[in-house]
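If you want the building blocks of each chain, they are given just below.
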Amino acid sequence: MRCLIIEDDPTLSGQLAHVLQEAGFVTDTAEDGEQGEFLGATETYDVAVLDLGLPGMPGIEVLEHWRAGGIDMPVLILTARGEWADKVAGFRAGADDYAVKPFRLEEVVIRAQTLVRRAAGHAQTVISAGALKLDSQLSVITRDGVPLRLTAFETRILSYLMHHKNRVISRSELSEHLYDANADRDFKSIEVVIGRLRRKIGEGVIETRRGEGYVLRDRQPSGPARS
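Residues numbered from 1 in each chain as written. Predicted model: local features only at pLDDT ≥ 70, side-chain atom pairs only at ≥ 80, totals over all residues. Heavy atoms only, no water.

- As recorded by an unreviewed UniProt entry, the protein carries the name Two-component system, OmpR family, response regulator and is attributed to Paracoccus isoporae.

**Some words on the overall build of the protein**
For step 1, the next point in the chain: When helices and strands are tallied, the protein shows eight helices and eleven strands.
For step 2, the next point in the chain: Taking 17 Å as the expected radius of gyration for a compact globule of 227 residues, we find that the protein reaches 18 Å, a close match to that expectation.
For step 3, the next point in the chain: Referenced to the eigenvectors of the C-alpha coordinate spread, the extents of the protein come out at roughly 55 × 30 × 30 Å.
For step 4, the next point in the chain: Put simply, the protein has 227 residues, and 48% of those count as buried.
For step 5, the next point in the chain: For the protein, the exposed area adds up to about 10900 Å²; of that, 47% sits on carbon and sulfur atoms. (Helix = DSSP H or I, 4+ residues; strand = E, 2+ residues; numbered from the N terminus. Rg over C-alpha atoms; globule rule 2.2 N^0.38 Å. Buried < 20%, exposed > 50% of the residue type's maximum accessible area, 1.4 Å probe, protein only. Areas by Shrake-Rupley, 256 points an atom, 1.4 Å probe, with all protein chains shown as cover.)

**Overview of the packing of helix α6 (residues 152-163) against helix α7 (residues 171-178)**
For step 1, the next point in the chain: One way to put it is that α6 packs onto α7 with a least axis distance of 11 Å and a crossing angle of 125°. Judged by the angle between their axes, α6 and α7 are oblique. Relative to α7, the crossing made by α6 is right-handed. Residues Phe153, Arg156, Ile157 and Tyr160 of α6 form the contact with α7, whose participating residues are Glu173, Leu174, His177 and Leu178. (Axes fitted to C-alpha atoms, helices over the stretch in contact; angles between N-to-C directions. Parallel < 35°, antiparallel > 145°, perpendicular 65-115°, else oblique. Left-handed = near helix turned anticlockwise from the far one by under 90°. Contact = heavy atoms within 4.5 Å.)

**Brief notes about the sheet that holds strand β6 (residues 126-129)**
For step 1, the next point in the chain: Here four strands make up an open sheet; going across it, the order is β6-β7-β8-β9 and the pairing antiparallel. Only two strands of the sheet have a single partner each, and these edge strands are β6 and β9 (146-147).
For step 2, the next point in the chain: The sheet contact formed by strand β7 (residues 132-135) and strand β8 (residues 140-143) spans four bridges and is antiparallel. Note on β8: the bridge partner recorded for Asp135 is Val140. (Pairing = 2+ DSSP bridges.)

**Some thoughts on the UniProt feature "domain: OmpR/PhoB-type" (unreviewed entry) in the protein**
For step 1, the next point in the chain: As annotated by UniProt and renumbered to match this structure, "domain: OmpR/PhoB-type" (unreviewed entry) occupies residues 124-218.
For step 2, the next point in the chain: In residues 124-218, helix accounts for 37% and strand for 23%; the two terminal C-alpha atoms are 16 Å from one another. (UniProt positions renumbered as here; feature names shortened; annotations may be inferred.)

**Brief notes about the sheet that holds strand β3 (residues 47-51)**
For step 1, the next point in the chain: Strands sit in the order β2-β1-β3-β4-β5 across an open sheet of five strands; the sheet is parallel. Of all the strands in the sheet, just β2 (26-30) and β5 (97-100) have a single pairing partner and so form its edges. Recorded for the sheet is a direction-independent mean angle of 20° between the axes of neighbouring strands.
For step 2, the next point in the chain: Of the strand pairs in this sheet, strand β1 (residues 2-6) and β3 are connected by four bridges, and their pairing is parallel. Considered in β3, the bridge of Ile6 is made with Leu50.

**Some remarks on the nonpolar core**
For step 1, the next point in the chain: Ranked by size, the top nonpolar core spans 48 residues in total, and within it Phe25, Ile157, Leu158, Ile190, Ile206 and Leu216 carry the most contacts.
For step 2, the next point in the chain: Counting residues domain by domain, this core receives three or more from each of domain 1 (2-120) and domain 2 (126-216).
For step 3, the next point in the chain: Each residue touching Ile206, except ones within four places of it in the same chain, is listed here: Leu158, Leu161, Ile194, Leu197, Arg198, Ile201, Tyr214, Val215 and Leu216.
For step 4, the next point in the chain: Counting 20 residues, the second-largest nonpolar core is a separate cluster that includes Tyr45, Leu50, Ile60 and Met73. (Core = buried A, V, L, I, M, F, W, Y, C linked by side-chain atoms within 4.5 Å. Domains from an automatic or database assignment.)

**Structural notes on the packing of aromatic side chains**
For step 1, the next point in the chain: Throughout the structure, instances matching the rule amount to two aromatic pairs.
For step 2, the next point in the chain: Ring centres 5.7 Å apart and planes at 80° place the aromatic pair Phe91 and Tyr98 in the edge-to-face group.
For step 3, the next point in the chain: On the accessibility criterion, Tyr98 (23% relative accessible area) is partly exposed.
For step 4, the next point in the chain: An angle of 45° between the planes, with centres 5.6 Å apart, marks the rings of Phe153 and Tyr179 as tilted. With Phe153 in helix α6 and Tyr179 in the loop between α7 and α8 (187-201), the pair connects residues that are 26 residues apart, well separated along the chain. (Phe/Tyr/Trp six-rings, centres within 6.5 Å; stacked < 30°, edge-to-face > 60°.)

Structure, rendered in structure tokens:
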């Protein structure tokens, strides 16, 4: 999953990026509203963490521009202001949730994970697909109750496919949600990792649709797989 962090305090921005990456997110950061608005409008994100008190362009305006442009990614607003009016203004501009400073970093991670999960249509923290289960808060994937031994990149790919199970996901869509803005997006690497995942979770779990992409089915064939 990919997260955009727009926060002008470099220390807090770095802390947020660190804990979100520890939770399995790929992160991009912006230190002012104009840069953040541009990234949100030109890149693809699963969630944005947006401070309201930004230089250049206030967070509310950033959010208003996104929504006016049809960008519907979930947005968690951060604010040092405790006034209810500020929260209402954020929600009216299109925010999905908020956290008031000071907050625990873990709170932001949990709220971001919840927004991503709900945007994909999952109400529960555990997402099931056949023998696979993903604990979206712990970023742990099990098969028949046994934790899978996955690399960070394998976990990101499988997590995204499980969040969007039964839907064909193109290689372009996968790459947009797996890499940060400065990374070289390599379709070949995705194909290699998909092959490794098949050996670990079982053949037939991830289907390849020629010319379209990949789909992880809710109903999966039973059989042995290496963890």
